[in-house]
Every structure is written in C-alpha cells, then in structure tokens.
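# Descriptive analysis of the structure
One letter stands for each residue in the lines below.
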Amino acid sequence: MKAIGIILAGGNSKRMKELSLRRAVAAMPIAGSFRSIDFSLSSMTNSHIKKVAVFTQYNARSLNEHLNSSKWWDFGRKQGGLYVFTPTITADNSDWYRGTADSIYQNLEFLKNSHEPYVVIASGDGVYKLDYAKVLEYHIAKRADITVVCKEMPSGMDLTRYGLVRTDSDCRITEFDEKPMVASSNLVSCGIYVVRRRQLVDLIEACAADGRYDFVNDILIRYRNLKRIYAYKMDSYWSNISSVDDYYRTNMDFLNKDIRDYFFRTYPEVYSKVDDNPPAKYNPGAVVRNSLASSGCIINGEVENSVLFKKVYVGNNCVIKNSIILNDVYIGDNTRIENCIVESRDTIKAYMTYIGEPNHIRIILEKNDRFVM
Amino acid sequence: MIKKEMIAMLLAGGQGSRLGVLTSKVAKPAVAFGGKYRIIDFPLSNCINSGIDTVGVLTQYQPLRLNTHIGIGIPWDLDRNVGGVTVLPPYEKSNSSEWYTGTANAIYQNIDYIDMYNPDYVLILSGDHIYKMDYEVMLEFHKANNADLTIAAMPVPMEEASRFGIVITDENNRITEFEEKPANPRSNLASMGIYIFSWPVLREALMKLSEEPECDFGKHIIPYCHTKGDRIFAYEYNGYWKDVGTLGSYWEANMELIDIIPVFNLYEEFWKIYTRCENLPPQYISADSRIERCIIGEGTNIYGEIYNSVIGPNVTIERGAVVRDSIIMQDSVIRAGAMVNKAIIAEGVTIGEDVQLGVGEYAPSKLDTKVYVFDLVTVGENSVIPAGVRVGKNTAISGVTEASDYPDGKLDSGDYMIKAGGSR
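Residues numbered from 1 in each chain as written. Chains lettered and ligands numbered in written order. Predicted model: local features only at pLDDT ≥ 70, side-chain atom pairs only at ≥ 80, totals over all residues. Heavy atoms only, no water.

### Here we look at the overall build of chain B
The number of helices and strands found in chain B is eight helices and 31 strands. Counting only C-alpha atoms, chain B reaches 65 × 50 × 50 Å along its principal axes. Counting over 424 residues, chain B shows a buried share of 59%. Accessible surface computed for chain B: about 16800 Å², of which carbon and sulfur atoms make up 49%. Averaging the coordinates of the 37 positive side-chain charges in chain B and doing the same for the 55 negative ones gives two points 2 Å apart. (Helix = DSSP H or I, 4+ residues; strand = E, 2+ residues; numbered from the N terminus. Buried < 20%, exposed > 50% of the residue type's maximum accessible area, 1.4 Å probe, protein only. Areas by Shrake-Rupley, 256 points an atom, 1.4 Å probe, with all protein chains shown as cover. Lys, Arg positive; Asp, Glu negative; His and termini not counted. Charge placed at Lys NZ, Arg CZ, Asp CG, Glu CD.)

### Section: the pattern of salt bridges
Residue and element names in this part refer to chain A. Under the defined criterion, the tally for this structure stands at 52 salt bridges over all chains. In this structure, the salt-bridge partner of Glu65 is Arg61, at a minimum N-O distance of 2.4 Å. Of the two residues, Glu65 and Arg61 both sit in helix 3 (residues 61-66), four residues apart, roughly one turn of that helix. In this structure Arg61 comes out as partly exposed when scored by relative accessible area, which is 46%. Note that Arg98 is salt-bridged to Asp102, the shortest N-O span being 3.1 Å. With a relative accessible area of 2%, Asp102 lands in the buried category. (Salt bridge = Lys/Arg side-chain N within 4 Å of Asp/Glu carboxyl O.)

### Concerning the packing of helix 6 (residues 199-208) of chain B against helix 7 (residues 217-227) of chain B
Residues and elements named next belong to chain B. In contact at an axis separation of 10 Å, helix 6 and helix 7 are set at 115° when each is read in the N-to-C sense. Once helix 6 is placed against helix 7, the crossing between them reads as right-handed. Only Phe217, Ile221, Tyr224 and Cys225 of helix 7 make contact with helix 6, whose side of the interface consists of Val201, Leu202, Glu204, Ala205, Leu206 and Lys208. In the contact of helix 6 with helix 7, the residues fall into eight nonpolar, no polar and two charged. (Axes fitted to C-alpha atoms, helices over the stretch in contact; angles between N-to-C directions. Left-handed = near helix turned anticlockwise from the far one by under 90°. Contact = heavy atoms within 4.5 Å. Nonpolar A, V, L, I, M, F, W, Y, C, P; charged D, E, K, R; others polar.)

### A short note on the side chain of Thr59(B)
Residues and elements named next belong to chain B. Take Thr59: it is sitting in the loop between strand 4 (54-58) and helix 2 (64-70). We classify Thr59 as buried; its relative accessible area is 3%. With residues near it in sequence (within four places) discarded, Thr59 still touches Ala12, Gly13, Leu66, Val87, Leu88, Pro89, Pro90 and Tyr100.

### Some remarks on the nonpolar core
Judged by nonpolar contacts, the single largest core of 52 residues is most densely connected at Tyr282(A), Ile299(A), Ile317(B), Ile345(B) and Leu357(B). When contributions to this core are tallied by element, the ones reaching two or more residues are strand 14 (280-282) and strand 25 (340-342) of chain A together with strand 15 (290-296), strand 17 (305-311), strand 23 (343-345) and strand 26 (377-379) of chain B. When residues in this core are grouped by element, the largest group, three residues, is from strand 15 of chain B. Setting aside anything within four residues of it in sequence, one finds Ile345(B) in contact with Ile327(B), Ile328(B), Met329(B), Ser332(B), Ile334(B), Val340(B), Ile351(B), Leu357(B) and Val379(B). Core analysis: the next-biggest nonpolar cluster, separate from the first, contains 43 residues, Ala8(B), Ile40(B), Tyr121(B) and Ala152(B) among them. (Core = buried A, V, L, I, M, F, W, Y, C linked by side-chain atoms within 4.5 Å.)

### Let's talk about the packing of aromatic side chains
The tally for this structure, following the rule as stated, stands at 29 aromatic pairs over all chains. Considering the side-chain rings of Tyr193(A) and Phe215(A), the 4.8 Å spacing of their centres and the 40° angle between planes classify their relative orientation as tilted. Note that Tyr193(A) is positioned in strand 11 (residues 187-196) and Phe215(A) in helix 8 (residues 215-221), a separation of 22 residues in sequence. The pair Tyr193(A) / Phe215(A) is uniform in exposure class, with both members buried. Among the aromatic residues, those joined into a cluster by ring pairs are Phe34(A), Phe39(A), Tyr237(A), Phe254(A), Tyr262(A), Phe263(A) and Phe264(A). A cation over a ring is seen here: Lys129(A) above Tyr262(A), with NZ or CZ 5.0 Å from the ring centre. Taking the ring centre of Tyr91(B) as reference, the NZ or CZ of Lys93(B) above it sits at 4.2 Å. (Phe/Tyr/Trp six-rings, centres within 6.5 Å; stacked < 30°, edge-to-face > 60°. Lys NZ or Arg CZ within 6 Å of the ring centre and 35° of its normal.)

### Considerations on the interface of chain B and chain A
Between chain B and chain A, the residue contacts involve 43 residues of the former and 39 residues of the latter. Of the roughly 3100 Å² buried between chain B and chain A on both sides combined, carbon and sulfur atoms contribute 54%. Looking only at chain B, the three residues that lose the most surface to chain A are Tyr267(B), Leu280(B) and Pro282(B), adding up to 22% of its buried area. At the junction of chain B and chain A, the tally comes to two salt bridges. For the pair chain B and chain A, the interface holds 22 residue pairs in polar contact (both at pLDDT 80 or more). When contributions to the side of chain B that touches chain A are tallied by element, the ones reaching two or more residues are strand 14 (283-285) and strand 15 of chain B. (Buried area = accessible area lost by both parts, 1.4 Å probe. Polar contact = N/O pair within 3.5 Å; in protein donor to acceptor, adjacent residues only side chain to side chain.)

These results come straight from atomic positions and should not be treated as a statement about function.
What follows is the structure in structure tokens.
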C-alpha cells in the first residue's frame, strides 16, 4: 500500500477514572486477550501498510511493554517497521506534545523522510477492523484533501463527547463540531484520517507557525471550507474507549456471538502480543455461564456474564457477575463481585464483597500481598 | 568463529505408529497435547529454558505440520543470528542418497551440521516425551564425572522395569551394564532416551559404525562405547516424565493435567512451555453449558456439557452435546446432541448431530491388536462422522465417512472405518 501509518496513542482520558492511572488508553486490555491499540495496528498490517509510527506520551510504560517486539503484527521487517516516538528534548524544542498536530510536527522528519505518497492517521483507542486501502481508494476517487472515517451512530445515544460531522450530498464535510454541548448530527468522526503526505506536512507546518497544536480544531475545523474534507462512512463495528462506561460496554459486546465472530472468525484477523499461558482450567465447583475466559485462567467458583482476562484465578465459592476482571488477578475464596471492573494484578482477599450498580460500574483497586505458587 | 558449548539434536522423524490413526497424516512430535501444545514443544522449551540455543530437528515422516509449527523458531526464541532451530530432513548426496535408517544414522548424516557449531557436547533428544528437565544440570553432572556419555535415567516401579531399557550402575553412578527389556531386572533405573555425548566420542563412534545398517543409539552406538570402555554415567532424574507413545499413555498424560493440582503443572511461572499459537481470542462459555474438571484452549466455544476433558483451541461444542473423559484437538466441531465418551478426536474433525461415541462393551480390535488395546474411540484428523451414528469402544475412524458406510447406523466395538480422503 502506498501509505505510511501514524497511530496517536499519547492521550489520556479523565473519564477513564482510576483505570487511567495505570496506563495510556491505547494500552487498555480489550476482549480478554487484546489491547486497544491492537485493532489499529492489525488493521494497518492487514491493509499492507509496512511502516507505522506510534506516538506515545501519557504513561506509556504498559504500552511500550506491549510494543516491545514488532513481530506480532508482522512489522519486524528490514523495509519499514514499527517505530515508537515519545517526546524528546531537542536543540530547538523542550516541550511535551502539546496536541495531536504538535506530536506530528515534532516528528515531521519521519514524514519527510518517507517516500510513500499517503498517510493514514488512526487513534489507538478504537475497537474496529478497517481496510484502509478502501478508504484510500475513496480518498483518491473523491479527490479529497483529507478523508475522515465516520460512523453513523444509533439515535438516542449521548454523542456530546464525540466529534460530530455534517456533510453535503457528496459526503463533503461542511460542519465539524468537536464535543458539542448539543448533538447536531449522528455521524461521528472515528479519529481515522487519510491525507496526502506532502499535504499533511504543509498543513502541520502552517499550523505550527501559527502556534496551533490540535489536529481537529486547528486543521479539520479551521480548513473545512478551504480544503476538500470528505467523510468515509464505515458500516462495520466501531467503538471508542474513552470512558469507563464505554470500556465496560465494549468488553461486554464481545459476549455477543455476532461481534465475536466478526472479530475472531472473519478474515482478516486481529493480532496481539503472544503470552505463553496454558489453557484455561475448570476445577470442580466451577460454574461458568455466558462468559469469556482467557488463557491461563483457573476457575473454581461461579462466573456469570463476565469477561475474564488472562491469568485470572477465581477461588472456591466465589460469585462473579456482570464484571470485567483484568489480567493476572487473584480472587480469594468466598468473594462476591458484581458490576465491577477489577484492575489488573489485583489481589483480592477471601470473604470480600464488591457490588457496583449496572449504570455505575465500580472500579476495584486492591494491592494486597500475594504468595506466588 | 562459531562456537557453542552444547547443541541439541532432536529426533522427530518417527511415525509413532502406536498412536494409530492420530499419526496417519502427521509425525508423532507434531501431535497436539494438553489443549494447546504439541508434543515437540516440551523438548524444545526445555532446550531454551536450559540455555541451549542451537537445535537441529531431524524430520522424516510427514513433516509438513512439524515444519509449519517450528518455522524459524520464534515461539521458543530460537530465531537466532547464530544457531537457533534448523529443520534437518534427509537429503540427496552426490554418491548416495538414503533415508534416515536409524536414530544414529540420522545424526551421522548430519555430522556437517554439528561440526559447523564446533560443540564440545551434543545432546540427543527424542520428540515424544512430556517432561520438564534442565539439561544444563545434566551437563554439569556430565562434566563433573569427566564422562564420555551421560544417559538420563529414572527409577520406575520394579514390576514395570521389564518394559524398559534398564541400566545397572556402580556406587558412583557409572553404568556397568545394560539390559534391554529384561525378564528379571536387576535394577529399576530406566533409560529415558536422553543422552549427552562428548562430541569427539560420538563423532568417532558414528564414523566407525557408519556402515552399520539401521544404526541406532540403543542397539549400536551405546554398546560400542561400552565395549570400548568409555566412561558412561547415569544421570538420575526424579521429576515427571511421560512417554506418550501409546494411545493409552497419551490419553492418561492428558487426563493428568486436569487434576486440581496436577503433578505436571503447566501453570507454574518457572520453566514455561512455549508453543506456536494461532488462536488468541478468549473462549466463550454459554449460559446453558456445564463444565467440570476440564482444560480448554483459546477461542473455543462451548454450548454443551463437558466433563473430565481436554479441549484444544478453536473447538466448537454445540448445544446439548455431552463430552466425557475425552481429548478434542483444535478446530473440531461436536454437533448438537452428540455424546462423546472416552474418545481421542484429532484436529478438524466433525462429529455429526446425535452421534454416540464409545457405547457398548469392550471388544478386541479387528484392525491392530498391538495399537488398539484400550477402550478408546480414536478419530483421525479431518474426519467426518455423519449424524446419528453409534460407535462402540476400542474403535478407529479416519476419513470423511457417510451414513451409508455404517450398516444399521453403527460401528461395533473393536471395529474400524478407515477411508481415503479427509485431508482438506
């Protein structure tokens, strides 16, 4: 494919509450055995993009650990490959990334030194599969300056935290409201853009010269009448992790067979870093209903309508309902957990009760001593 | 200059004919094990965990699955600039070309490969045992004894000793005598088929016995070294070790994994076992399923009931199906209402609706009374069993079978159904 990829993975979201203390949103565990950045990375490799840069900034340790080898996404190549760019101090800059456009500006050399004519920019917090080659085809057919991938959301959803677009009959974007007070449309921007590389370099340089740093406000919104900015409507599953509720709902979506089959049993695949865990084990006393369990789990208790990530230990007589248990959690005997998200590497004592509300999911952070077997 | 202190040679060319239809299209080391692994993963993981980063894998029988599984060795970190894993099939030479005629002959034909790494020691492994072992400790033992050859041996119950190759040692663990399957064993130390040779000693023996037909370690090389007066020591190993060479022992070894705290524990952080896994997604357990004492691989969907079973990755068990005491390997489908009792079902098999496997009384096998002597139903890979068929105990099925293949809709105990086809 004639494009390079950029994944914006530096962001943090306050609406992720305690979950964001530990890691950037792009590193949030999804669907038992993935991280949210896997979806963008896999779509890039499946679209035959050979060279990808990931821009990280906020709490990137977990993300860097996940990206420690590029081979899982088939980016371990002599030609191209996977690059992780964190802000660095240079002779003429000592700032962090001050915004999405600024992060691209600070790494402009990467764009300038590439030869591919196009750039695909994606965010690291989307859960989706997309063939960027199709978006590029559309981009060229429309003779667009920038193409924004959009998704029509069902009416009735609260859309005020998204970027909302309105288009003319040709799908050219006429209005773009970033996180409006009142939703003006149900077409949301997925934060995935296709743009010609030289065009992007020019836009970013002009933006920086004005002291502007944000890709959406200072490029998309500011240039919407000047440049031909088009909306590409995707009709497959797309979800964005930016709040605890989104995060909970997105994981629970994977209990739905159609969504699971779409991601895991339909070409192309989603790739992730491989952990060498043994298969999940069900001991006497395990009662599991409508749940996902990942490799390395050992289950002795009751689990219902829940998602267990890797290496979760569920003790005897436990009851876990409507909950998400992240990686490497140990749950002692006789403990009850309902409507909760349990943070990874937690150790939960025996005889504990944690109850959240269906519309107010509780986040459990428990750092207790654990005696490793 | 290239220099490796010890390299491993893994013998993976055998068919493993005693696994019946399980190995009709795949070499034994590539047979699935434990809901995720293949048998060869155990020696390969032992190698990398012991710090051995150069492994030659000798293949011959049906190597496709083995080749794709090993690849360039990424899952075991055996993708190296120098060394790593190399698959060594038999090849044509200018003056002769022959298959690997015996275990030692296979090594003899690859002397150039070993010489390339200039090793001091060569570790000989076979690809059909389940165990965790630190070969580095064994090497220390070999060096401490100034040995020419060290043979790993484990104590077996005295009454079973006559089934093994037995070594008799003096008080310094030096081997004084060998007995192959003795009627009245004088020792219970059984050879595990794991050898460390000092390379000059092995090289000399291989050259000397190069004309020996079907040259074998147990039958030729070791007796030759013994007569020559080489220092041969027994390294006693007391951990878990299982030969999975028969259907019965293969089934048993799998079933031992589902104990609450298995003797052979794959859940320990120490000494991990690595494998190539294509299936990442979690498994889904539906609201009306039941699971008791099982291990289940990634990406599997369970809608039915399973008890005391080992289920591989990406298997589907439909609503109303009941699986007991069975091993089901990856990508197989058990259709609604099927009953599976004490069966070993290989990869990519479809068991039709309402099929009953493992019913009735045990009967001796009409196919092969050496292989099929257990009350197990064995189904070869990519087989299809049509809906509604009843299959007895100690049976073997392979290939795409149709309802018309089963008179009265059943296959009696001890009977078999081997059809061509079934590979897709």
